[in-house]
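# Notes for the structure review
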Amino acid sequence: MQAPRPVCALAIAGSDSGGGAGIQADLKTFAAHRVHGLSALAALTAQHTRGVTAVHVPPADFLRAQIDACFDDFAIGAVKLGMLANAETANTVADALEARAPVPIVLDPVMVATSGARLLEDAALDVLRHRLLPKSALLTPNLPEAELLLGIRIRDRASMRAASSALLGCGAGAVLLKGGHLEEDADTVLDLYADADGVQELTHRRLPHSAHGTGCTLASAVTAQLCLGLPLREACVAATGYVHRALAGGYAPGRSEVLVLDHI
Ligand code: PLP
């Protein structure tokens, strides 16, 4: 007798030629969770551990073909959205997802790499805000991304709390607001998890600044856990643990000190 079709995770995101972030991190994360990973490349970056040297955005109809091919054949349990590059790409993703039965979407609003490279054009922000955010089960911004989405400054814990509620008000089912950019001298990081039941504090050890691909990995680990059936808040806690474990074996594959994660 044939085994039932496994539930698959789909990443719609950018490629990192250096193998540390983006789609490469997503697929490694899915594999480490024993979830079959699908991918639709929304952008390709020429990238090493010192920065992004070029970006290519494939034609919108080719992105659409990749997403449609995945939905036409696989049982998709959850979708992760990462680097979407520009407004046309973001609109294509929204159109493609609207044409299908709803699945949980984890939206990592990738905007600027730690190296400083822009990964999203300004014009795409509105598409994220008005089309993708309201469809998302979970939004996973860091503080600079939350500031750009809301057009505000986040300076302290009180404004961080207000920002998590404001982002929830934009229509996401839940928000995991990553507080790593606040109180940078502290040994711990405060993340906020906001959903219809309120705002909860999730504190964890601070990751080193030189780690690359942690945001992508966190969002794809949540996506994998949703495919495995974990409720959203538990999936966020488990995914944070996964990023920390993967960092414990982190290594520097390039000429810089930048660490990538060991996806075990
Ligand atoms: N490259 C791609 C394709 C990404 O999706 C991301 C982040 O989401 C990055 C680079 C940046 O990674 P980091 O800021 O962790 O260095």
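Along each chain, residues carry numbers from 1 onward, in the same order as the chain's sequence is written. Only residues with pLDDT of at least 70 are given local features in this predicted model, and only at 80 or more are side-chain atom pairs given and counted; all residues enter the totals for whole chains, interfaces and linings.

## Some words on the overall build of the protein chain
- Helix numbers and strand numbers start at the N terminus; a helix is a DSSP run of H or I with at least 4 residues, a strand a run of E with at least 2. Assigned secondary structure in the protein chain consists of eight helices and nine strands.
- Computation of the radius of gyration draws on C-alpha atoms alone. For the globule rule, the value is 2.2 Å times the number of residues to the power 0.38. Computed over the C-alpha atoms, the radius of gyration of the protein chain is 17 Å, within 12% of the 18 Å expected from 2.2 N^0.38 for a compact globule of 264 residues.
- Over its C-alpha atoms, taken along the principal directions, the protein chain stretches across nearly 55 × 45 × 40 Å.
- Remark: C-beta atoms are placed from the backbone, and a residue is labelled buried if 20 or more other C-beta atoms sit within 10 Å of its own, exposed if 12 or fewer do, or partly exposed between those counts. In the protein chain, which comprises 264 residues, the share counted as buried stands at 46%.
- Once C-beta atoms have been placed from the backbone, residue pairs whose C-beta atoms lie within 7 Å are recorded as contacts. Sequence-distant contacts, at least 24 apart, represent 68% of the contacts inside the protein chain between residues at least 6 apart.

## Quick word on the site of the ligand
- Throughout this description, a residue near a molecule or strand is one whose C-beta atom, derived from the backbone, lies within 6 Å of it. Taken together, the neighbourhood of the ligand is formed by 18 residues, with Gly14, Ala21, Gly22, Ala113 and Thr114 sitting nearest.
- For the shell around the ligand, the secondary-structure elements that each account for two or more residues are strand E1 (7–16), strand E2 (36–48) and helix H7 (214–227).

## A short note on the UniProt feature "domain: Pyridoxamine kinase/Phosphomethylpyrimidine kinase" (unreviewed entry) in the protein chain
- UniProt positions are given in the numbering used here, feature names are shortened, and annotations may be inferred rather than shown by experiment. As annotated by UniProt and renumbered to match this structure, "domain: Pyridoxamine kinase/Phosphomethylpyrimidine kinase" (unreviewed entry) occupies residues 16–256.
- This span, residues 16–256, is 40% helix and 21% strand, and a straight line between its end C-alpha atoms measures 16 Å.

## Observations regarding the nonpolar core
- Linking buried Ala, Val, Leu, Ile, Met, Phe, Trp, Tyr and Cys residues through C-beta atoms within 7 Å yields a set, and such a set is a nonpolar core. Counting residues in each nonpolar core, the largest one holds 77 residues, and the members touching the most others are Ile12, Ala42 and Val222.
- With eight residues, H7 is the single largest residue contributor to this core.

## Describing the pairing of E1
- Burial within E1 is extensive, with eight of its ten residues counted as buried.
- With six bridges joining them, E1 and strand E4 (residues 75–81) adopt parallel strand pairing. In the strand pairing of E4, Ile12 is matched with Leu81.
- With nine bridges joining them, E1 and E2 adopt parallel strand pairing. Bridging across to E2, Ala11 finds its partner in Ser39. By the convention used here, strands pair only if DSSP detects at least 2 bridges between them.

## A look at the pairing of strand E8 (residues 188–195)
- Across three bridges, strand E7 (residues 175–177) lies against E8 in antiparallel orientation. Within E8, the position partnered with Leu176 by the bridge is Tyr193.
- Sheet topology note: the E8/strand E9 (residues 198–205) ladder contains eight bridges and is antiparallel. The residue bridging Asp195 from the neighbouring strand is Gly198, located in E9.
- As consecutive antiparallel partners, E8 and E9 are separated by two residues.

## Re the environment of Ala246
- Inspection of the secondary structure puts Ala246 in helix H8 (residues 232–248).
- When the C-alpha positions of Ala246 and Thr214 are compared, they lie 9.3 Å apart, and in sequence the two are 32 residues distant.
- In this structure Ala246 touches Thr217, Leu261, Asp262, His263 and Ile264, once residues within four positions along its chain are discounted.

## A closer look at helix H5 (residues 143–150)
- What H5 keeps buried is the set Glu145, Ala146 and Leu149. Buried residues along H5 cover an arc of 100° about the axis, so they all sit on one side.
- Immediately beyond the C-terminal end of H5, within one or two residues, lies Gly151, with a positive phi of roughly 65°. When we speak of the arc, we mean the arc of directions from the helix axis to the C-beta atoms.

## Topic: the packing of helix H3 (residues 87–98) against helix H4 (residues 125–132)
- Between H3 and H4, the least distance of the axes is 8 Å, while the angle of their chain directions is 15°. The pairing of H3 with H4 is recorded here as roughly parallel in orientation. H3 and H4 meet at a crossing whose hand is right-handed. On the side of H3, the interface is formed by Ala87, Ala90, Asn91, Val93 and Ala94, while H4 contributes Val127, Leu128, Arg131 and Leu132.
- Side-chain classes are defined by residue name, with Ala, Val, Leu, Ile, Met, Phe, Trp, Tyr, Cys and Pro counting as nonpolar, Asp, Glu, Lys and Arg as charged, and the others, Gly among them, as polar. The residue makeup of the contact of H3 with H4, split by class, is seven nonpolar, one polar and one charged. As a rule, the C-alpha atoms of each element are fitted with a line to give its axis, helices using only the stretch in contact, and angles between N-to-C directions run from 0 to 180 degrees. The cut-offs work like this: below 35 degrees is roughly parallel, past 145 is roughly antiparallel, 65 to 115 is roughly perpendicular, and the gaps in between are oblique. Helix crossings get a hand from a simple test, with the near helix turned counterclockwise from the far one by less than a right angle marking a left-handed crossing and a clockwise turn marking a right-handed one.

## Description of the confidence of the model for the protein chain
- You can read pLDDT as the predictor saying how much it trusts each residue, on a scale of 0 to 100. Taken residue by residue, the protein chain gives an average pLDDT of 95. The fraction at 70 or more is 100%.
- In the predicted complex, the global pTM is 0.97; the interface-specific ipTM is 0.95.

## A few points about the packing of helix H1 (residues 22–32) against H7
- Close contact between H1 and H7 brings their axes to 9 Å; oriented N to C, the two are set at 40°. By the angle class used here, H1 and H7 are oblique. Seen from above, H1 lies across H7 with right-handed handedness. Residues Gly22, Ala25, Asp26, Thr29 and Phe30 of H1 pack against Cys216, Thr217, Ser220, Ala221 and Ala224 of H7.
- For the contact of H1 with H7, the per-class residue count stands at five nonpolar, four polar and one charged.

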